[in-house]
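# Coordinates in review
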Amino acid sequence: MTAIQTKPRKPAPALPLNTILSGDCIEMMATLPDASVDLVFADPPYNLQLKGALHRPDNSLVDAVTNDWDQFASFAAYDRFTCEWLAQARRVLKPDGAIWVIGSYHNIFRVGAALQDLGYWLLNDVVWRKSNPMPNFRGKRLTNAHETLIWASRAEGAKYTFNYEALKALNEGVQMRSDWTFPICTGGERLKGADGAKAHPTQKPEALLHRVLVATTKPGDVVLDPFFGTGTTGAVAKMLGRDWIGIEREPDYIAAAEARLARVRRVDEGALGITTPKRAEPRVPFGQLVERGMLRPGEELHSINGRHSARVRVDGTLIGRDVKGSIHQVGAALEGAPSCNGWTYWHFRREGQLVPIDLLRQRLRAEMDSSGPN
């Protein structure tokens, strides 16, 4: 029998973590391995199509975006560029990865259509309402007081990270809405060159990236920004304990970003934790409380409203009146309700006080967290 000769597989290229890649975003993304990135945050050229200089009423010149990187010959050229970089971004995203793209009315609708055409699945659009927008000096249109972000998963039905409880915590316990208010960069956050001019015309506020990364990444995730600019994404990612990769073609922006990132310090490990949903906590069967002696067989439990009681059985079920079953089933039957959360419904008595059995569950969870993986 002739042995089959197989060529050894080439090892996947190493991921250039916490590095700025200098060059064209499409060419640089092509060098990254498939399915290697957890999140893409993209602030692409807006294709503003400005026609001449913009002046204030006092005839002073507005520092608008007139850079070469925002110039495209036509809408068709811009669309080709958009589809090419989005295709590369989708290739490097992990199956459970996601993308955020920010833009203005000039480009965001074209970007949204391209995302859908390429197979991404739109999750939300978010309105960033600027609390201090630049006025419309010509007085012929509404002041542009917002930009739009699109959040999309890699495909329909794909899993993705969403830290819902953390966003509620950021919003004083209220569900986070899709309209976010932040000021544009001013003061000390605005990077400036040696001449005192803005280092980048469209620098994004760190607060915006903080919310995006807390909402849709975990510590240790890899965040790719293919339009890195002066490094806002990298600065916030580094601070929050995420790895990052930046791609930028303009040497001045790279220099500003490198200097900025050198000043950033990661927050302490203990401060990186976020509020997690209860369903993500370790599962603790009620029977474990009985096995551990936290509750004894035969011990009486009392309903939260004081109307019902039941006794603990050796197998972790309850018996109350003529009803037998789990803590949830017995509570629901006694109340005549379709369902019941037995953990918050049932209480045990200690030193004359009624204590929810959920307190015992939390103690076991704390032990699990402190012991770590087996």
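Our subject is the structure listed above.
Residues numbered from 1 in each chain as written. Predicted model: local features only at pLDDT ≥ 70, side-chain atom pairs only at ≥ 80, totals over all residues. Heavy atoms only, no water.

## Some points on the side chain of Asn107
Applied cut-off: Put simply, DSSP marks the helices as runs of H or I at least four residues long and the strands as runs of E at least two long, and each gets a number from the N terminus on. Buried means the residue's accessible area, taken with a 1.4 Å probe over protein chains only, is under 20% of the maximum for its type, while exposed means over 50%, and partly exposed covers the values in between. N or O atoms closer than or at 3.5 Å make up a polar contact, with two conditions inside protein: a donor-capable atom paired with an acceptor-capable one, and, for residues adjacent in sequence, both atoms drawn from side chains. Contact definition: two residues touch when any of their heavy atoms are within 4.5 Å.
You can see Asn107 is positioned in the loop between β3 (93–103) and α3 (108–117). For Asn107, a relative accessible area of 0% corresponds to the buried category. A distance of 2.9 Å separates a polar atom in the side chain of Asn107 from a polar atom in the side chain of Tyr78. In contact with Asn107, not counting residues within four places along its chain, are Pro44, Pro45, Tyr46 and Tyr78.

## Comments concerning the packing of helix α2 (residues 75–92) against α3
The cut-off we apply is this: Under this scheme, a helix contributes an axis fitted over its contacting stretch, all axes are lines through C-alpha atoms, and angles between N-to-C directions fall in the 0 to 180 degree range. Angles below 35 degrees are treated as roughly parallel, those above 145 as roughly antiparallel, those between 65 and 115 as roughly perpendicular, and all remaining angles as oblique. In a left-handed crossing the near helix is turned counterclockwise from the far helix by less than a right angle, and in a right-handed crossing that turn is clockwise. Gly is put with the polar residues, along with every residue not named as nonpolar or charged; the nonpolar set is Ala, Val, Leu, Ile, Met, Phe, Trp, Tyr, Cys and Pro, and the charged set is Asp, Glu, Lys and Arg.
In contact at an axis separation of 10 Å, α2 and α3 are set at 45° when each is read in the N-to-C sense. The angle between α2 and α3 falls in the class oblique. Judged by the sense of rotation from one axis to the other, the crossing of α2 with α3 is right-handed. When α2 is examined against α3, the residues Phe75, Tyr78, Asp79, Thr82, Cys83 and Leu86 are found in contact with a partner set consisting of Arg110, Val111, Ala114 and Leu115. Of the residues belonging to the contact of α2 with α3, the class tally is 7 nonpolar, 1 polar and 2 charged.

## A closer look at the sheet that holds strand β5 (residues 146–153)
To be explicit about the condition: Any two strands are treated as partners once DSSP identifies two or more bridges connecting them.
Sheet architecture is open: 8 strands sit in the order β1-β8-β7-β2-β3-β5-β4-β6, paired in mixed fashion. Across the chains shown, the open sheet's two edge strands, defined by having one partner strand only, are β1 (19–22) and β6 (179–182). Across the sheet, the mean angle separating the axes of adjacent strands is 20° when strand polarity is ignored. Here 6 bridges tie β3 to β5, and the two strands are oriented antiparallel to one another. Considered in β5, the bridge of Val101 is made with Ile150. With respect to the sheet, α2 is in contact with β2 (37–42), β3 and β7 (222–225), its orientation differing from that of β3 by roughly 145°. With respect to the sheet, helix α5 (residues 206–216) is in contact with β2, β3, β4 (121–130), β5, β6 and β7, its orientation differing from that of β6 by roughly 140°.

## Structural notes on unusual backbone geometry
Despite not being glycine, Ala35 has its phi angle at roughly 50°, a positive value. One can find Ala35 in the loop between α1 (25–29) and β2.

## A word on the packing of α5 against helix α6 (residues 232–239)
Between α5 and α6, whose axes approach to 9 Å, the crossing angle comes to 55°. Viewed along their axes, α5 and α6 adopt a mutual orientation that is oblique. For α5 against α6, the interelement crossing comes out right-handed. Touching Glu206, Leu209, His210 and Leu213 of α5 are Thr232, Thr233, Ala235, Val236, Ala237 and Met239, all from α6. Tallied by class, the residues present in the contact of α5 with α6 amount to 6 nonpolar, 3 polar and 1 charged.

## With respect to the pattern of salt bridges
Heads up, the rule is: Whenever Lys or Arg places a side-chain nitrogen within 4 Å of a carboxyl oxygen from Asp or Glu, that contact is recorded as a salt bridge.
Counted under the stated rule, the structure contains 13 salt bridges. For Lys130, the salt bridge identified is with Glu147, shortest N-O distance 2.8 Å. Note that Lys130 is positioned in strand β4 and Glu147 in strand β5, a separation of 17 residues in sequence. Taking relative accessible area as the criterion, Glu147 reaches 8% and is therefore assigned buried. A salt bridge links Asp221 to Lys218; the nearest nitrogen and oxygen atoms lie 3.8 Å apart.

## A short note on the pairing of strand β9 (residues 300–303)
Relative to strand β10 (residues 309–312), β9 runs antiparallel, the two being bridged by 3 bridges. Bridge pairing in β10 links His302 to Ser309. Hairpin connection between β9 and β10: a loop of 5 residues separates the two successive antiparallel strands, and Gly306 in this loop has a positive phi of roughly 80°. Two strands pair when backbone bridges link them, and β9 and strand β13 (residues 346–350) are joined in this way by 2 bridges, in the antiparallel orientation. Bridge pairing links Ser303 to Trp346 in β13.

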